[in-house]
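Observations on the model geometry
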Amino acid sequence: MNQPLGDRGLAPEPTGQRPAARKAPTTARALFWTFFGLGFVAMILAWNGYALAQFEAQTEQPKALAANTTMAGFAELTGGVPLVLAHLVGAGLLLPFGWRAWRWKGLAIGAASVVAASVVGILSGQLLWEGELFELGITNTSYQP
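So, here's what we can say about the structure. The shown structure was predicted, so the numbers you read here are calculated from the model rather than taken from an experiment.

Turning our eyes to something else, we now look at the pattern of salt bridges. Per the counting criterion, the structure on display carries one salt bridge. Among the ionic pairs, E60 bridges to K63, the shortest N-O distance being 3.2 Å. Here the residue E60 and the residue K63 both occupy positions in helix α1 (residues 19-66), the gap between them amounting to three residues, near one helical turn.

Here you go:
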């Protein structure tokens, strides 16, 4: 009956569990939800950056052809690579923190969060670029500078 009392003097400390071990899921959850919110902003910026790069390639293509060159690959490099990196960074942050916070359920929540943020980014790109997010590029002739 001679057990040590807990932090508040109400109940004994659980044996074999350190106080820092109990705080890890709480910290992981806080970091998960922080990166979750930032991920939506990052995806909106990444998808609109991709659209801007496609628009730039499309509008500069006539000048490039006049100079005997092309804008092919410009949009993929300046818009597509950052878009892929945004997805990889989002998954690289949310999946480990999801795992630490909720284990297998956290992995599913993290993966679904990256997909949801990407869908929100696509929808914002479609809204801001008048539904032409996937129509922009050097092969689109609807825009004449």
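Next, the rest of the story.
On to the environment of E135. Along the polypeptide, E135 turns up in the segment after α3 (104-128). The sequence separation of E135 and Q54 amounts to 81 residues, and the corresponding C-alpha distance is 8.9 Å. The contact partners of E135, leaving out residues within four places of it in the chain, are Q58 and N140.

Residues lying three or four places apart along an α-helix face the same way, a consequence of the helix completing one turn every 3.6 residues. Over its 25 residues, α3 extends 36 Å from the first C-alpha to the last, a length consistent with the 36 Å expected when each residue adds 1.5 Å. Residues of α3 that are buried: G106, G110, S113, V114, A117, S118, G121, S124 and G125. Of the residues one or two after α3, E130 is the one with positive phi, at around 55°.

Along the chain, the position of S118 falls in helix α3. Judged by relative accessible area, which is 10%, S118 ranks as buried. A polar contact of 2.8 Å, which involves the side chain of S118, links it to the side chain of H87.

Along the chain, the position of L88 falls in helix α2 (residues 74-102). On the accessibility criterion, L88 (56% relative accessible area) is exposed. C-alpha separation for the pair L88 and V114, spaced 26 residues apart in sequence, amounts to 9.1 Å.

Turning to the side chain of Q61, a few remarks are in order. For Q61, the position within the fold is in helix α1. A distance of 3.2 Å separates the side chain of Q61 from the side chain of T70, its partner in a polar contact.

Looking now at unusual backbone geometry. One non-glycine residue, N68, lies in the positive phi region at around 65°. Within the secondary structure, N68 is located in the loop between α1 and α2. A residue is classified by how much of its surface remains accessible, and N68, at 74% relative accessible area, is exposed. Residue R103 is not a glycine yet carries a positive backbone phi of 60°.

Cut-offs used in this document
Residues numbered from 1 in each chain as written. Predicted model: local features only at pLDDT ≥ 70, side-chain atom pairs only at ≥ 80, totals over all residues. Heavy atoms only, no water. Salt bridge = Lys/Arg side-chain N within 4 Å of Asp/Glu carboxyl O. Helix = DSSP H or I, 4+ residues; strand = E, 2+ residues; numbered from the N terminus. Contact = heavy atoms within 4.5 Å. Expected span 1.5 Å × (residues − 1). Buried < 20%, exposed > 50% of the residue type's maximum accessible area, 1.4 Å probe, protein only. Polar contact = N/O pair within 3.5 Å; in protein donor to acceptor, adjacent residues only side chain to side chain.

Any functional reading would require information beyond the geometric quantities listed.
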